[in-house]
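For reference, the chains in residue letters:
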Amino acid sequence: MLTATSTSNALTVDSTYYGKTLFYSPTDTAAITLPAAGAAAGSWIKVVCLTDQTWAANAAVADTLITRNNTTADGVTFSTASNKIGSSLLLISNGTYWVATNESDCTLTIVDGA
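S.K.: Explain the overall build of the chain to me, and be specific about the residues and the numbers.
M.R.: What the chain contains, in helices and strands, is zero helices and 12 strands. What you see in the chain, going N to C, is helices and strands ordered as β-β-β-β-β-β-β-β-β-β-β-β. Residues counted as buried form 40% of the 114 residues belonging to the chain. Partitioning the contacts of the chain with sequence separation of at least 6, the portion at a separation of at least 24 is 57%. As presented, the chain carries roughly 5400 Å² of accessible surface, and 53% of it is formed by carbon and sulfur atoms. Distance between charge centres in the chain, computed from 4 positive and 8 negative side chains, equals 7 Å.

S.K.: Residue-level account of the sheet that holds strand β2 (residues 10–12), with values.
M.R.: Either a parallel or an antiparallel arrangement is found when strands of a sheet pair, and the pairing is made through backbone hydrogen bonds. What the five strands build is an open sheet, ordered β2-β4-β6-β9-β12; its pairing is mixed. Strands at the two margins of the open sheet, each flanked by one partner only, are β2 and β12 (109–111). Each strand of the sheet is rotated relative to its neighbour by a mean of 20°, with strand direction disregarded. Inspection of the sheet shows strand β4 (residues 30–33) paired to strand β6 (residues 55–58) by four bridges, in the parallel sense. Looking at the pairing, A30 lines up with W55 of β6.

S.K.: Describe unusual backbone geometry, with residues and values.
M.R.: With a phi angle near 60°, N69 is a residue other than glycine that sits in the positive phi range. Within the secondary structure layout, N69 lies in the loop between β7 (65–67) and β8 (70–73). The backbone of S82 shows a phi angle near 65°, a positive value even though the residue is not glycine. For S82, a relative accessible area of 70% puts it in the exposed group.

S.K.: So, the packing of aromatic side chains: which residues are in play, and what are the values?
M.R.: This structure, assessed with the given rule, holds three aromatic pairs. Between the aromatic rings of Y24 and W55, the centroid separation amounts to 6.1 Å while the plane-to-plane angle is 75°, which identifies the pairing as edge-to-face. Note that Y24 is positioned in strand β3 (residues 20–24) and W55 in strand β6, a separation of 31 residues in sequence. Seen from their ring centres, W55 and F78 are 5.0 Å apart, and the 25° between their planes marks the pair as stacked. You can see W55 sitting in strand β6 and its partner F78 sitting in strand β9 (residues 75–78), a full 23 residues away along the chain.

S.K.: Residues and numbers for the environment of L89, please.
M.R.: Within the secondary structure, L89 is located in strand β10 (residues 88–93). When sequence neighbours within four positions are dropped, the list of residues in contact with L89 reads I45, K46, V47, W55, A57, V76, F78, A100, T101, N102 and L108.

S.K.: Outline the side chain of T64, listing residues and values.
M.R.: Looking at the secondary structure, you find T64 in the loop between β6 and β7. Looking at T64, the relative accessible area reads 12%, which means it is buried. Once residues within four sequence positions are removed from consideration, T64 is found in contact with A59, A73, Y97 and W98.

Rules used in this analysis
- Residues numbered from 1 in each chain as written.
- Predicted model: local features only at pLDDT ≥ 70, side-chain atom pairs only at ≥ 80, totals over all residues.
- Heavy atoms only, no water.
- Helix = DSSP H or I, 4+ residues; strand = E, 2+ residues; numbered from the N terminus.
- Buried < 20%, exposed > 50% of the residue type's maximum accessible area, 1.4 Å probe, protein only.
- Contact = heavy atoms within 4.5 Å.
- Areas by Shrake-Rupley, 256 points an atom, 1.4 Å probe, with all protein chains shown as cover.
- Lys, Arg positive; Asp, Glu negative; His and termini not counted.
- Charge placed at Lys NZ, Arg CZ, Asp CG, Glu CD.
- Pairing = 2+ DSSP bridges.
- Axes fitted to C-alpha atoms, helices over the stretch in contact; angles between N-to-C directions.
- Phe/Tyr/Trp six-rings, centres within 6.5 Å; stacked < 30°, edge-to-face > 60°.

This is the structure:
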């Protein structure tokens, strides 16, 4: 398994993260910005949060994230108390959009500006 680590509270991921699990340890409220749509279909990034911090994964372009029951989301957030440490998100590109799947039992909130 290929891995990456980061403690950045404002992290923009790029193609160097594809195919890796990111062990994420932000020190405060944090946000990950995904690459703009257009990653090759099947490209993926898995994020596992190791700290008790609210964090979000946001699409670089509005309405380009697909997640639970929403095909035009802007992002997803893990912010519920006692549902942050160990939160895990799998992000897979279908070639046009990113698909976000909660891989933990932590509460995920969908961000949709529509």
